[in-house]
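Understanding the architecture of this molecule
Now for the letters of each chain:
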Amino acid sequence: ASWNAFDQVAAAFGGTATYNATHTHAGSLSGHMSTPSSAQALLTWGTSLTAGTDVAEAWFRLYCYIAALPSRREVIWQELPAAGFGCQLTVTPGGGLQFLDSNGATKISTTVLVGAGSWFRLEGFVIGSASVGQLELKVFLNPDSATPDETDTTLANVNTGGLIHTATYGID
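Residues numbered from 1 in each chain as written. Predicted model: local features only at pLDDT ≥ 70, side-chain atom pairs only at ≥ 80, totals over all residues. Heavy atoms only, no water.

Concerning the pairing of strand 9 (residues 106-109)
This is how it is decided: Note on pairing: two strands pair once DSSP finds at least 2 bridges between them. Numbering of helices and strands runs from the N terminus; a helix is a DSSP stretch of H or I covering at least four residues, while a strand is a stretch of E covering at least two.
As paired strands, strand 8 (residues 97-100) and strand 9 are joined by three bridges and run antiparallel to one another. Residue pairing in the sheet places L100 in a bridge with T106 of strand 9. Hairpin connection between strand 8 and strand 9: a loop of five residues separates the two successive antiparallel strands, and G104 in this loop has a positive phi of roughly 85°.

Thoughts on the pattern of salt bridges
Defined as follows: What makes a salt bridge here is a side-chain nitrogen of Lys or Arg within 4 Å of a carboxyl oxygen of Asp or Glu, nothing more. For each residue, the accessible area found with a 1.4 Å probe, counting protein chains only, is set against the maximum for its type, and the residue is called buried under 20%, exposed over 50%, and partly exposed in between.
In the structure shown here, the tally under the stated rule is four salt bridges. The salt bridge partner of E123 is R61, with a shortest N-O separation of 2.7 Å. On the criterion of sequence distance, the pair formed by E123 in strand 10 (residues 119-127) and R61 in strand 5 (residues 57-65) is long-range, its members being 62 residues apart. R121 is the salt-bridge partner of E123, the closest N and O atoms lying 2.8 Å from each other. Of the two residues examined, E123 and R121, each falls in the buried class. Residues joined in a network through salt bridges with shared partners are R61, R121 and E123.

Here we look at the sheet that holds strand 10
Using the following cut-off: Note on method: axes are straight lines fitted to C-alpha atoms, helices fitted across the in-contact stretch only, with angles between N-to-C directions ranging 0 to 180 degrees.
Spatial ordering of the open sheet is given by 5-10-11-12, a layout of four strands whose pairing is antiparallel. The sheet terminates laterally at strand 5 and strand 12 (150-153), the two strands that pair on one side only. Taken over all neighbouring pairs, the strand axes of this sheet differ in orientation by 10° on average, direction set aside. Examined bridge by bridge, strand 11 (residues 134-140) and strand 12 share four bridges and lie antiparallel to one another. When the bridges of strand 12 are listed, L137 appears paired with D152.

Some points on the pairing of strand 10
Of all nine residues in strand 10, eight are buried, a share of seventy percent or more. Where strand 5 and strand 10 come together, nine bridges link them in antiparallel fashion. In the strand pairing of strand 10, F60 is matched with G124. Of the pairings in the sheet, the one linking strand 10 to strand 11 comprises seven bridges and is antiparallel in character. Residue pairing in the sheet places E123 in a bridge with K138 of strand 11. Linking two consecutive strands that pair antiparallel, namely strand 10 and strand 11, is a turn of six residues.

Quick look at the nonpolar core
Rules: For our purposes a nonpolar core is just a set of buried Ala, Val, Leu, Ile, Met, Phe, Trp, Tyr and Cys residues, chained together by side-chain atoms within 4.5 Å. Note on contacts: a residue pair qualifies if any of its non-hydrogen atoms lie within 4.5 Å across the two residues.
F60, W77, L89, L97, F99, L122 and L137 are the most contacted members of the largest nonpolar core, which has 25 residues in total. Put simply, the parts of the chain that give this core at least two residues each are strand 5, strand 6 (74-80), strand 7 (87-91), strand 8, strand 10, strand 11 and strand 13 (166-171). Sorting elements by how many residues they give to this core places strand 5 first, with four residues. The contact partners of L89, leaving out residues within four places of it in the chain, are F60, E74, V75, I76, W77, L97, Q98, F99, L122 and L137.

What follows is the structure, encoded as structure tokens:
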């Protein structure tokens, strides 16, 4: 059987999304997003995430390798409702991770910093709601570890934009 890893690949302003063998964690290839200056490269899950029906909860696991920390805060994962803005997981120039709500307010800010030039793993979930949403983020500096270096969970009072329609991974 065959399947699509992503519903859509979006690259703009000189960004590219490819598979290559430059930095692999497991296997022979890894997804690679190249984003010079204001470029973007995003992989999107829509119908493969929701099967055509928006969902109230989405879990994620991301294996990440950042060759160089960004010069500004960059989105690396986000969930979106059918209309409007959802929540975003970002990496800062100093290597911190921040989870932002639908209004762009920081709801989680990690004390553990990710570094350039090494693999790390992020896990968590989003409860999609404009009033009783919730965010969780676990950071594993060793991507193969069973124990997170940091776990942060918000109260169930976060505006995450509503039911989850799509999720994107990449640099925007």
